[in-house]
Amino acid sequence: MIDAGIQPWLFQIEPYEGESFSHFLGRFRRPNHLTPSGLGQLAGIGAVVARWERFHLNPFPSQRELESLTGVVGVSAERLAEMLPPNGVGMQWSPIRLCGACYGETPCHRMEWQYKSVWKCDRHQLKLVSKCPNCEAPFKMPALWEDGACSRCLITFAEMAKFQKVA
Ligand SMILES: [Zn+2]
Ligand SMILES: [Zn+2]
């Protein structure tokens, strides 16, 4: 039986508060063994997913695309839109940044860390790190944050908190 409802054979995941679109998409794809293009095909939105996961948001995801994605990921278009930068907020997609103290509490990449105006974590009053503070490897895009650790030296994102400077 096929209708516009949620596809029952897919694992559904709950978004974290503040989670970025890239991180959510990767977290949804992995247990469902979907590539970015496979997810795009299922949702009927073409090859946009790989670009979104890199925060290449120009053209910006449309309401229609988000609604199509809802039928696959089971998260409302409104909630998906909350994972995107609000209108008028400048974003930089590189370098990927993080607050290790936040990650230790909630294991996700937060959208606000990529806002141009954001350089510190307001909750912990710590400067964000923009590369591994232990080995200086750049961070992978959040869609690939499977292990929650530096891909080179393997220290965890949570452990990076102790390297962060007080803001
Ligand atoms: Zn924090
Ligand atoms: Zn490292």
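For the structure, see preceding data.
Starting from 1, residues in each chain are numbered consecutively following that chain's sequence as written. A letter from A marks each chain and a number from 1 marks each ligand, given out in the order of writing. Note on the predicted model: pLDDT of at least 70 is required for a residue's local features to be given, and 80 or more for side-chain atom pairs to be given and counted; whole-chain, interface and lining totals, by contrast, use all residues. Heavy atoms from the whole structure form the basis of all side-chain values; hydrogens and water molecules are not counted.

A. Representation of the overall build of the protein in the model. Check the secondary structure of the protein and you find 6 helices and 2 strands. Counting from the amino terminus, helix and strand elements in the protein follow one another as α-α-α-α-α-α-β-β. It only takes one pair of heavy atoms within 4.5 Å for two residues to be counted as in contact. Sequence separation of at least 24 residues holds for 59% of the intrachain contacts in the protein that already meet a minimum separation of 6. Only the protein chains shown count as covering a residue, and every accessible area follows the Shrake-Rupley method with a 1.4 Å probe. When the accessible surface of the protein is split by element, carbon and sulfur atoms take 54% of a total near 8900 Å². For the purpose of counting charges, residues Lys and Arg are taken to be positive, whereas Asp and Glu are taken to be negative. His and the chain ends are not included. For charged residues, the charge sits on one atom: NZ in Lys, CZ in Arg, CG in Asp, CD in Glu. Averaging the coordinates of the 18 positive side-chain charges in the protein and doing the same for the 16 negative ones gives two points 10 Å apart. Here a strand is any run of E in DSSP of at least two residues, a helix any run of H or I of at least four, and the numbering for each starts at the N terminus.

B. Region of interest: the coordination of the zinc ion (ligand 1). With water omitted from the atoms examined, metal sites may look incomplete; donors here are N, O and S atoms no farther than 2.8 Å from the metal, or 3.2 Å in the case of Na, K and Ca. Taken together, Cys99 (SG), Cys102 (SG), Cys121 (SG) and His124 (ND1) make up the protein donors of the zinc ion (ligand 1), found 2.1 to 2.3 Å from the metal. Coordination geometry of the zinc ion (ligand 1): the 4 donor atoms subtend angles of 102 to 117° at the metal centre, consistent with an arrangement described as tetrahedral. One chain supplies every donor for the zinc ion (ligand 1), spaced along it as C-x2-C-x18-C-x2-H. Here Cys99 is found in the loop between α5 (77-81) and α6 (100-105), whereas its partner His124 is found in the loop between β1 (120-121) and β2 (126-127), with 25 residues between them in sequence. For the exposure calls, accessible area comes from a 1.4 Å probe over protein chains only, and a residue counts as buried if that area is under 20% of its type's maximum, exposed if over 50%, partly exposed in between. For Cys99, a relative accessible area of 0% corresponds to the buried category. Under the classification used here, a metal with four donors is tetrahedral if each angle lies between 85 and 135 degrees, square planar if opposite donors are over 155 degrees apart and the others between 65 and 115, a six-donor metal meeting that same test is octahedral, and anything else is irregular.

C. Local environment of the coordination of the zinc ion (ligand 2). Within the first shell, the zinc ion (ligand 2) binds the protein through Cys132 (SG), Cys135 (SG), Cys150 (SG) and Cys153 (SG), at distances of 2.3 Å. Taken together, the 4 donor atoms coordinating the zinc ion (ligand 2) and their angles of 103 to 115° define a geometry best described as tetrahedral. Between consecutive donors of the zinc ion (ligand 2), the numbers of intervening residues give the motif C-x2-C-x14-C-x2-C. Overall, the relative accessible area of 26% leaves Cys153 in the partly exposed class.

D. A look at the packing of aromatic side chains. Aromatic pairs are defined between Phe, Tyr and Trp rings, using the six-membered ring for Trp, whenever the two ring centres lie within 6.5 Å; interplanar angles under 30 degrees are classed as stacked, those over 60 as edge-to-face, and all others as tilted. Within this structure, the stated rule accounts for 6 aromatic pairs. A ring pair is formed by Tyr103 and Trp145, whose centres lie 5.9 Å apart and whose planes are at 70°; its orientation type is edge-to-face. Of this pair, Tyr103 sits in helix α6 while Trp145 sits in the segment after β2, and the two are 42 residues apart along the sequence. Exposure remark for Tyr103: the relative accessible area of 10% places this residue in the buried category. When the centroid spacing of 6.5 Å and the interplanar angle of 70° are considered together, the rings of Phe139 and Trp145 count as edge-to-face. The class for Trp145 is buried, based on a relative accessible area of 4%. Feature note: the residues Tyr103, Phe139, Trp145 and Phe157 constitute an aromatic cluster, connected by ring pairs. Positioned above the aromatic ring of Trp119, the side-chain terminus of Lys120 is 6.0 Å from the ring centre. Here, over-ring charges are defined by two tests on the NZ atom of lysine or the CZ atom of arginine: distance to the ring centre within 6 Å, and angle to the ring normal within 35 degrees.

E. Just the environment of Tyr103, in detail. C-alpha separation for the pair Tyr103 and Trp113, spaced 10 residues apart in sequence, amounts to 12 Å. If we skip the residues at most four places from it in the chain, Tyr103 touches Cys108, Trp145, Gly148, Phe157 and Ala158.

F. Inspection of the pattern of salt bridges at higher detail. Each salt bridge in this description consists of a side-chain nitrogen of Lys or Arg and a carboxyl oxygen of Asp or Glu lying within 4 Å of one another. All told, the structure shown has 5 salt bridges when counted by the stated rule. In this structure, Arg27 engages Glu19 in a salt bridge whose closest nitrogen and oxygen atoms are separated by 2.9 Å. On the accessibility criterion, Arg27 (16% relative accessible area) is buried. Ionic pairing is found between Glu82 and Arg79, a salt bridge with its closest N-O pair at 3.4 Å.

G. Here's a closer look at the nonpolar core. What is meant by a nonpolar core is a set of buried Ala, Val, Leu, Ile, Met, Phe, Trp, Tyr and Cys residues, joined one to another through side-chain atoms within 4.5 Å. The biggest cluster of nonpolar side chains holds 47 residues, and the ones touching the most others in it are Phe21, Leu69, Leu80 and Phe139. Mapped onto this core, the elements with two or more residues apiece are α1 (21-29), α2 (36-43), α3 (49-53), α4 (63-73), α5 and α6.

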